[in-house]
Amino acid sequence: MQRLNKSALAALFLFVLASAMAFSASFETENLVIRTKSGKEFPFTVELAIAADQRQQGLMNRDEMAADRGMLFDFGETRRVYMWMKNTYLPLDMLFIAPDGRIALVRADTLPLSEEIIDSRDPVRFVLELNAGTAQKLGIAAGDMIESGQIAASAKKP
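Predicted model only: the values in this text are computed from it and were never measured.

Trainee: Would you explain the nonpolar core in this entry?
Mentor: Side chains of nonpolar character tend, in soluble globular proteins, to be buried together. Ranked by internal contacts, the top residues of the largest apolar core, which has 19 residues, are Phe73, Val81, Met83, Met94, Phe96 and Val127. Taken together, the elements giving at least two residues each to this core come down to strand 3 (69–79), strand 5 (92–97) and strand 8 (124–131). Not counting residues up to four positions away in its chain, the partners in contact with Met94 are Met83, Trp84, Met85, Leu105, Val106, Arg107, Thr110, Ile118, Val127, Leu128 and Glu129. Ranked by size, the runner-up nonpolar core spans 17 residues in total, among them Phe44, Val46, Leu95 and Ala135.

Trainee: For this particular structure, what's the right way to read the pattern of salt bridges?
Mentor: Tallied over the full model, the rule gives six salt bridges. With a closest N to O distance of 2.5 Å, Arg62 and Glu47 form a salt bridge. Here Glu47 lies in strand 2 (residues 41–49) and Arg62 lies in the loop between helix 2 (52–57) and strand 3, a separation of 15 residues in the sequence. Where Asp74 meets Arg125, a salt bridge forms, and the shortest distance between an N and an O atom there is 2.7 Å. One end of the pair, Asp74, is in strand 3; the other, Arg125, is in strand 8, and 51 residues separate them in sequence. Neither residue differs from the other here; Asp74 and Arg125 are each classed as buried. Sharing partners across several salt bridges, the network here consists of Arg35, Glu41 and Glu147.

Rules used throughout
- Sequence order as written defines the numbering, with residues in each chain counted from 1.
- Residue-level local features of this predicted model are given only where pLDDT is at least 70; pairs of side-chain atoms are given and counted only at 80 or more, and the full residue set underlies all totals for whole chains, interfaces and linings.
- Hydrogens and water molecules were not included; the side-chain quantities draw on all heavy atoms of the structure.
- Note on terminology: a nonpolar core comprises buried Ala, Val, Leu, Ile, Met, Phe, Trp, Tyr and Cys residues joined through side-chain atoms within 4.5 Å.
- Each residue gets one of three labels from its accessible area relative to the maximum for its type: buried under 20%, exposed over 50%, partly exposed in between, using a 1.4 Å probe on protein chains only.
- Numbering goes from the N terminus for both helices and strands, where a helix is a DSSP run of H or I of at least four residues and a strand is a run of E of at least two.
- Throughout, a residue-residue contact means that at least one pair of heavy atoms, one from each residue, lies within 4.5 Å.
- Here, a salt bridge means any side-chain nitrogen of Lys or Arg that lies within 4 Å of a carboxyl oxygen of Asp or Glu.

What follows is the structure, given as structure tokens:
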């Protein structure tokens, strides 16, 4: 009986561990540059949210992010995008990006933990999330360009 309990406990532990790992996506990183219309360049290191589980998790459940970091979401197609801040503790700036890397819309200072829908308004392919206040501090606005390996690679796909 005692041996059965140890086996059951070990199986339960492995199940819980596997379940936790299944809900925690891992992210590759890349460097990107934001080029403003005035010619200024701002480098960032971003995590890539490409797969559905990565996009679903995003920056949820994090309580800090370095000033030169962010997350680039690639939706795999150009479409109207809807985001929210559920389980996201960090206030963020969301940059909605056209397939060519042009920033179409900046939604600054999104509200942490909110389930309010943040709408791209127009079709986009990407969203770049940065710490809240970054866009204003650096003068990043609609019409500025994002240069990234992920964006460049998607432009080559039919």
